[in-house]
Amino acid sequence: MTKMLELGVQGMTCASCVGRVERGLKKVDGVDSVVVNLATERATVTYDPATTSPQVLLDTVKDVGYEPVTSTLELGVTGMTCANCVNRVERALKNVDGVLDASVNLATERATVQYLPSAVSPGQLKAAVRESGYDVLETAAGQDRSDVERAAKERELQALKRSVLFSAIFAVPLLLIAMLPMLWMPAEMWLTDHLGSAMNWIMLALAIPVQFGPGRRFYRQGWAALRHRSPDMNTLVMIGTSAAFFYSLAVTLMPQVFPAGTAHVYYEASAVVITLILLGKYFEAVAKGRSSEAMKKLLGLQVKTARVLRGGTELELPTDEVLVGDVISVRPGEKVPVDGEVTSGSSYVDESMITGEPVPVNKQAGAAVVGGTINQTGAFQFRATKVGADTTLAQIIKLVESAQGSKPPIQGLADKVVSVFVPIVLGIAALTFLAWMLFGGPQALSYALVNTVAVLIIACPCAMGLATPVSVMVGTGKAAELGMLFRNGAALEALQAVQVVALDKTGTLTEGRPALTDLQLLPDFDRTDVLSLVASAEEQSEHPIARAIVDAAKLDGIPLSVTQYFEAVPGFGLAATIQGRLVNVGADRYMQQLGLDVRVFEAQAAQLGDEGKSPLYAAIDGQLAAILAVADPIKAGSLEAVKALHAQGLQVAMITGDNVRTANAIARQLGIETVLAEVLPSGKSDAIKALQATGQQVAFVGDGINDAPALALADVGLAIGTGTDVAVETADVILMSGDVRGVPNAIALSRATLRNIRFNLFWAFAYNALLIPVAAGALFHALGWLLSPVLAAAAMGFSSVFVLSNALRLRGFKPPIKPGPASRPAHLLPARPAEGTLI
């Protein structure tokens, strides 16, 4: 049997392109025919689905140099209650021709579908979800999908609350009538004297509103699951409570047909089980709402209006009407509405909600501001540079939503078990009923019913379905609060398994720009005077070292003077005349050429060399005056980050293009044991391969742009310092603050989340493995224990609430390194030195 598939193909420009695509697709095993149309930019492929797949066809189009057209759609799905529901929706979507992949998340109640728009429409995907027994949240034009989903969840929460209260009104007196006589003899005597045979009819009257009122949801969803041959939690509850109710109804209507001693009613079992399961679902819904607190905070950062200056008038407009280039006014205490660049005014802005850094940042003309951050006491105007979906905050929200909706590989284990779990439970329930009927003695029918119902109720796979997605949801949300963005669940899982962390040096461990780090003077020379003369001379040069010296003088407020004469001496240094004074700056060989003895700085020069710096010398009016050095300063926090990584048991490597001596000097200062030096930018990916060749999992930390090949090749790529460029496609993890201390923090959070997931999965599986045999009556002959269906329902609800509560513990995660001021090697501190001292 063959299938026909239409693929959109971008990039074709002529008949030659058409021929190349056709030839490439025809070579694929299982392809019968290919027709490519240049005008419609589509390829129609007839293929054998047993031999090849749509994904193989897409990969082939990419391999021949063109881009297949695919789309991704997110659907809000309502009515899912357990892992079997998730599997059923996924299967329904994947069975639609043109769907490449589908992933459904129980915690977020969303389905993410990757599909071919040329072969299937969003309407067909929604229809597939509805045909599987669930509903899709529809979003009207102009409505925000998140708002619609939150409103739907709030309605569901209120509906559950009403159902629980309604059920409890009938279930509580029903439970008292059924259980009180067993616990207190006078109650049994009173009920027998006053009610007699009418007691069963009273219990029936109390049970009917629960069974066919709030309990109707289990019938509706349970039957739908059976029709699709995919029984789920609702099916188990439906069968279990129906067995108890209708058996009791038969006893009430025809007690004479039952053997002596077996005509007992179990109305309380069905009614109280339904009530307890609804109560558990209510607590579960409340906990789910708490698990998305981080996303609510992010959404709460979005600003609804902005004061825009147009035509000399200040207008208050909705944020989605702001255009790139608009000038926006921000007053004290207000949120910045969109991304932009300050044009006038100044203030301090709290960016902690975006970067995780607690210290407000000074903003003046030319500084970048990020939408959602909070202005402090000043006022300023800025020009919008990114609006709508392009803003940093919008991209953060998109990344967090994507991560929360994705599945880490560990979820595959739960999915495989759940796919066969409910059919196995139904088999165990049938065997339980049969075994008790055969070996249960005089009350075999009662025992068989009670134990079968207990097995069906206690085995609901809710906890299994929630174990992983809720932990991922809370973990990625907490990461976003701390300024760490995980692209998906796979990155969250992979990071905790790394053994080697390779860090790019420039811009990651160091500031990425040269700075004057050392200046030592001989007696009789003034620091301000020397630095002013040297910087005035260097101002004529565009060399990075010269720029660093000039910047240092300006930073200290030292005035520069006009140069009357300037001469560059290639390979040696420079000479200049400033205010009638001769200034020479250069290497030791230049000083020797001038006849100056630099041995007085011999010790200092050796120390600078050990630190990987090349010393420079300055002479004033023919006399040696100072030794100075320019280097790329180590970032504040780098030392703490490396120490924290070592404390986590990780090997730390540094990749740099610096020469070996300089690289080793930096590595010694930071305590890094593995150095890959003199690596060209194009060779960083080869360096990652070399580390991976040892058989270890490698994480690479770079700036996210020029390190893209290495980020893509590493087992986990972490982009650092990408503050307003969160869309670095090659990075798996994005550290918004640009602080390398985020690396051990991200690893710690990844480890905490995976521990949480493993504990949840262990609990969910162990709970069923231990209690299903107990519910079946395995301990009856040894200890006389039987598990009441009521207790089974309570235990089932508790298991889901336990898993959710355990996941919520991640909200209290404390990073090993708190953001804030950090130390760096003392000789690299940019402090003002005293004369004759080394900085």
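Bear in mind that the values here come from a model prediction, so they are computed numbers and not experimental data.

Parameters and conventions
- Residues numbered from 1 in each chain as written.
- Predicted model: local features only at pLDDT ≥ 70, side-chain atom pairs only at ≥ 80, totals over all residues.
- Heavy atoms only, no water.
- Helix = DSSP H or I, 4+ residues; strand = E, 2+ residues; numbered from the N terminus.
- Buried < 20%, exposed > 50% of the residue type's maximum accessible area, 1.4 Å probe, protein only.
- Contact = heavy atoms within 4.5 Å.
- Disulfide = S-S within 2.5 Å.
- Axes fitted to C-alpha atoms, helices over the stretch in contact; angles between N-to-C directions.
- Parallel < 35°, antiparallel > 145°, perpendicular 65-115°, else oblique.
- Left-handed = near helix turned anticlockwise from the far one by under 90°.
- Nonpolar A, V, L, I, M, F, W, Y, C, P; charged D, E, K, R; others polar.
- Polar contact = N/O pair within 3.5 Å; in protein donor to acceptor, adjacent residues only side chain to side chain.
- UniProt positions renumbered as here; feature names shortened; annotations may be inferred.
- Expected span 1.5 Å × (residues − 1).
- 1 Å grid on protein atoms, 1.4 Å probe; cavity = no way out; pocket = protein on both sides within 12 Å on 5 of 7 lines; lining within 4 Å.
- Points joined across faces, edges and corners; volume = space filled by probe spheres on them.
- Pairing = 2+ DSSP bridges.
- Core = buried A, V, L, I, M, F, W, Y, C linked by side-chain atoms within 4.5 Å.

Across its full length, the chain holds 29 helices and 29 strands. With the principal axes as the frame, the chain shows a C-alpha extent of 125 × 75 × 65 Å. Counting all 839 residues of the chain, 53% fall into the buried class. Excluding contacts between residues fewer than 6 apart, the proportion of contacts in the chain whose partners are at least 24 apart in sequence is 69%.

Here the focus is the state of the cysteines. A covalent bond bridging the sulfur atoms of two cysteines is what the word disulfide describes. In total, this model carries zero disulfides according to the counting rule given. Of all cysteine sulfurs, the one in Cys17 lies closest to Cys14, which takes part in no disulfide; the gap is 3.8 Å. For Cys14, a relative accessible area of 32% corresponds to the partly exposed category.

Attention now goes to the packing of helix α14 (residues 411-439) against helix α16 (residues 462-481). Relative orientation of the contacting elements α14 and α16 amounts to 165 degrees, with a least axis distance of 10 Å. One finds that α14 runs roughly antiparallel with respect to α16. The way α14 lies across α16 gives a crossing that is left-handed. Residues Gln411, Ala414, Val417, Val418 and Phe421 of α14 lie in contact with α16, whose contacting residues are Met464, Thr468 and Pro469. Counted by class, the contact of α14 with α16 contains six nonpolar, two polar and no charged residues.

Topologically, Asn760 is positioned in helix α27 (residues 742-776). In this structure the side chain of Asn760 is engaged in a polar contact, spanning 2.8 Å, whose partner is the side chain of Asn806. Contacts of Asn760, omitting those with residues within four sequence positions, involve Ala467, Ser471, Val803, Asn806 and Ala807.

Turning our attention to the UniProt feature "transmembrane region" (unreviewed entry) in the chain. In this structure's numbering, the residues bearing the UniProt feature "transmembrane region" (unreviewed entry) are residues 163-186, 198-215, 236-258, 264-283, 417-439, 445-468, 761-780 and 786-808. What you have in residues 198-215 is 83% helix and 0% strand, and the ends, taken at the C-alpha atoms, are 25 Å apart. The distance from the first to the last C-alpha atom of residues 264-283 is 33 Å, and the span holds 85% helix and 0% strand.

Moving on, we come to helix α19 (residues 527-538). In this model α19 runs 16 Å from its N-terminal to its C-terminal C-alpha over 12 residues, within 8% of the 16 Å that 1.5 Å per residue would give. In terms of burial, α19 is largely enclosed, as 10 of its 12 residues are buried. Considered for burial, the residues of α19 that qualify are Arg527, Val530, Leu531, Ser532, Leu533, Val534, Ala535, Ser536, Ala537 and Glu538. Its side-chain oxygen 3.1 Å from the backbone nitrogen of Thr528, Asp526 forms the N-cap of α19.

Let us look at empty space enclosed by the protein. Over the atoms a probe the size of a water molecule is rolled, and this reveals where empty space is left. Scanning all chains against the criterion turns up two cavities of 30 Å³ or more. In this structure, the second largest cavity occupies an estimated 110 Å³ of space. Looking at the second largest cavity, it is lined by 14 residues, and the ones nearest its centre are Val104, Lys407, Gln411, Gly465 and Pro469. Elements with a minimum of two residues in the lining of the second largest cavity: α3 (83-94), β6 (99-105), α14 and α16. Here the lining of the second largest cavity is built from residues that sort into six nonpolar, six polar and two charged.

This brings us to the environment of Asp101. In this fold, Asp101 is placed in strand β6. Taking the C-alpha atoms as reference, Asp101 lies 7.0 Å from Tyr115; in sequence the two are 14 residues apart. Other than its neighbours up to four places away in sequence, Asp101 contacts Lys94, Thr112, Val113 and Gln114.

On to the sheet that holds strand β22 (residues 581-586), then. One open sheet accounts for six strands, arranged β19-β24-β23-β22-β21-β20; its pairing is antiparallel. On the outer flanks of this sheet lie β19 (515-521) and β20 (563-569), each paired with one strand and no other. Strand-to-strand twist of the sheet, defined as the mean angle between neighbouring strand axes without regard to direction, takes the value 20 degrees. In the packing of α19 onto the sheet, contacts are made with β19, β20, β21 (573-578), β22, β23 (616-620) and β24 (623-631), and the angle to β22 comes to roughly 75 degrees.

A word on the environment of Ala575. One can find Ala575 in strand β21. Assessed through its relative accessible area of 7%, Ala575 is described here as buried. Expressed as a C-alpha distance, the spacing of Ala575 and Gly586, which sit 11 residues apart in the sequence, is 8.8 Å. Excluding residues that lie within four positions of it along the chain, Ala575 makes contacts with Tyr565, Phe566, Glu567, Val583, Asn584 and Tyr590.

Turning our attention to the sheet that holds strand β27 (residues 698-702). On the basis of which strands lie adjacent, the open sheet formed by seven strands has the order β17-β29-β28-β27-β18-β25-β26 and mixed pairing. Two strands lie at the open edges of the sheet, namely β17 (484-486) and β26 (674-676), each paired on one side alone. With direction set aside, neighbouring strand axes in the sheet form an average angle of 20 degrees. Of the pairings in the sheet, the one linking β27 to strand β28 (residues 716-720) comprises four bridges and is parallel in character. Considered in β28, the bridge of Val701 is made with Leu718.

Attention now moves to the pairing of strand β2 (residues 31-37). Judged from the six bridges that link them, β2 and strand β3 (residues 42-47) form a sheet pairing that is antiparallel. Bridge pairing links Val34 to Val45 in β3. Linking β2 to β3, which pair antiparallel, is a turn of four residues; within it Glu41 sits at a positive phi near 55 degrees.

Looking now at the nonpolar core. Residues Met80, Leu93, Leu125, Phe486, Leu495 and Leu718 are the most contacted members of the largest nonpolar core, which totals 140 residues. The element best represented in this core is α27, accounting for 15 residues.

Per the UniProt entry, the sites bearing "domain: HMA" (unreviewed entry) are residues 3-69 and 71-137 in this numbering. Along residues 3-69 the backbone is 33% helical and 36% strand, and the end-to-end C-alpha distance reaches 19 Å. For residues 71-137, the helix share is 33%, the strand share is 34%, and the end-to-end C-alpha distance is 19 Å.

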